[in-house]
Amino acid sequence: MKVGVLALQGDFREHVKASQECGHSAVEVRRESELVDIDALILPGGESTTIIHLAQNFNLYQPIKDAIASGLPVYGSCAGMILLADRIVDGIAGQKTFGGLDITVRRNAFGRQVDSFESDLTFHGNQLHAVFIRAPWVEEVAPGVEVLARAADHPVAVRQGNLLATSFHPELTEDLAVHRFFFDEICKGR
Ligand code: GLN
């Protein structure tokens, strides 16, 4: 598969590496033409307000929304989860998202307790060590959304159709379970 990784800001290099380690080719996406022949897209961790701002400036906002609407498999980690959410709590005024995932996320949700932390959790039956950095959690999910992992009593990994989002950063660990789930379970049907 050819995996596109949105490369405007954030930890896109780590997602490129994880995609390659799973046996796929990966391209950094900074312009609309680079979206055209990809089989999947990853939205990295970083700063959601900066990424959406740059996506608008680079004329990628509507093309990515259209790609999501057309069924392209998309995985977002942390800021990427915020970018996929239909609704945000504690965003900046007027903060936009690409949307598509029928969830409400609370931005910087764990920040009031601990800014950044690591935790062992169960993701779709796999034990994994999760890294959270100023992470969102999922406040509400619509009925069609499957919860794949929880932390602090909130969903931190969700899937709806071809869209996957995690509050944590598997790209910052050696564990490829989340990426493999995305490629093998979500993208394979395409
Ligand atoms: N707090 C960041 C945001 O709102 C997300 C942090 C991250 O991706 N590690 O975009």
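Residues numbered from 1 in each chain as written. Predicted model: local features only at pLDDT ≥ 70, side-chain atom pairs only at ≥ 80, totals over all residues. Heavy atoms only, no water.

Peer 1: Could you give me a rundown of the side chain of Arg-159, with the residues and numbers involved?
Peer 2: Mapped onto the elements, Arg-159 comes out in strand β11 (residues 154-160). For the buried Arg-159, no salt bridge exists, and the shortest N-O distance to an oppositely charged side chain is 4.6 Å, to Glu-146. Of the polar contacts made by the side chain of Arg-159, one reaches the backbone oxygen of Gly-161; its length is 2.8 Å. Those residues in contact with Arg-159, other than ones at most four positions away along the chain, are Gly-144, Val-145, Glu-146, Leu-148, Leu-164, Phe-181, Glu-185 and Ile-186. (Helix = DSSP H or I, 4+ residues; strand = E, 2+ residues; numbered from the N terminus. Buried < 20%, exposed > 50% of the residue type's maximum accessible area, 1.4 Å probe, protein only. Lys, Arg positive; Asp, Glu negative; His and termini not counted. Salt bridge = Lys/Arg side-chain N within 4 Å of Asp/Glu carboxyl O. Polar contact = N/O pair within 3.5 Å; in protein donor to acceptor, adjacent residues only side chain to side chain. Contact = heavy atoms within 4.5 Å.)

Peer 1: Describe the site of the ligand, with residues and values.
Peer 2: Near the ligand you find Gly-45, Gly-46, Glu-47, Ser-48, Cys-78, Ala-79, Ile-82, Arg-107, Asn-108, Ile-133, Arg-134 and His-169, and these make up its full shell. Gly-46 has a polar backbone atom sitting 2.9 Å from an oxygen atom of the ligand. Contact distances for the ligand include 2.9 Å between a nitrogen atom and a backbone N or O atom of Arg-134. Isolated, the ligand exposes 300 Å² of accessible area, and the fraction of that covered by the protein chains is 95%. In terms of residue class, the shell around the ligand is made up of 4 nonpolar, 5 polar and 3 charged. (Near = heavy atom within 4 Å. Areas by Shrake-Rupley, 256 points an atom, 1.4 Å probe, with all protein chains shown as cover. Nonpolar A, V, L, I, M, F, W, Y, C, P; charged D, E, K, R; others polar.)

Peer 1: Please give an account of the sheet that holds strand β6 (residues 101-106) that cites residues and values.
Peer 2: Here we have 3 strands laid out as an open sheet, ordered β5-β6-β9, and mixed in their pairing. The sheet is open, and its two edges are formed by β5 (85-89) and β9 (137-141), each paired on a single side. Between one strand axis and the next, the sheet turns by 30° as a mean value, whatever way the strands run. Where β5 and β6 come together, 4 bridges link them in parallel fashion. The residue bridging Ala-85 from the neighbouring strand is Leu-101, located in β6. (Pairing = 2+ DSSP bridges. Axes fitted to C-alpha atoms, helices over the stretch in contact; angles between N-to-C directions.)

Peer 1: Talk me through the pattern of salt bridges; I want residue IDs and the actual numbers.
Peer 2: In this structure the tally under the stated criterion is 10 salt bridges. Taking the shortest distance from any N to any O, the salt bridge between Asp-90 and Arg-106 comes out at 3.2 Å. Here Asp-90 is found in the loop between β5 and β6, whereas its partner Arg-106 is found in strand β6, with 16 residues between them in sequence. We note a salt bridge from Arg-106 to Glu-139, for which the minimum N-O separation is 2.8 Å. Of this pair, Arg-106 sits in strand β6 while Glu-139 is found in strand β9, placing the two residues 33 residues apart along the sequence. By sharing partners, the salt bridges in this structure join Asp-90, Arg-106 and Glu-139 into a single network.

Peer 1: A description of the packing of aromatic side chains should follow, citing residues and the corresponding values.
Peer 2: Within this structure, the stated rule accounts for 9 aromatic pairs. Ring centres of Phe-117 and Phe-132 lie 4.5 Å apart, and the angle between their planes is 5°; on these two criteria the pair is classed as stacked. Note that Phe-117 is positioned in strand β7 (residues 116-123) and Phe-132 in strand β8 (residues 126-133), a separation of 15 residues in sequence. Geometrically, the ring pair formed by Phe-123 and Phe-181 is edge-to-face, given 5.4 Å between the ring centres and 90° between the ring planes. (Phe/Tyr/Trp six-rings, centres within 6.5 Å; stacked < 30°, edge-to-face > 60°.)

Peer 1: Tell me about helix α3 (residues 61-69), and please be specific about residues and values.
Peer 2: Taken together, the buried positions of α3 are occupied by Tyr-61, Pro-63, Ile-64, Ala-67 and Ile-68. Gly-71 sits one or two residues past α3 and shows a positive phi near 100°.

Peer 1: So what's going on with unusual backbone geometry? Which residues, and what values?
Peer 2: Backbone geometry at Asn-59 places phi at a positive 55°, although glycine is not the residue there. You can see Asn-59 is positioned in the loop between α2 (48-57) and α3. Look at His-124: it is not a glycine, yet its phi comes out positive at around 50°. Of note, His-124 is situated in the loop between β7 and β8.

Peer 1: Please give an account of the nonpolar core that cites residues and values.
Peer 2: Core analysis: the largest hydrophobic core is formed by 36 residues, its most contacted members being Leu-121, Phe-123, Phe-132, Phe-168 and Phe-182. Contributing elements (two or more residues each) for this core: β1 (2-6), α1 (12-21), β3 (40-43), β7, β8, β10 (146-151), β11 and α5 (177-187). No other element matches α5, which puts 7 residues into this core. If sequence neighbours within four positions are ignored, Phe-182 has contacts with Ala-40, Leu-41, Ile-42, Pro-73, Val-74, Tyr-75, Asn-162, Leu-164 and Cys-187. With 33 residues, the next largest nonpolar core counts Ile-52, Val-74, Ala-79 and Phe-98 among its residues. (Core = buried A, V, L, I, M, F, W, Y, C linked by side-chain atoms within 4.5 Å.)

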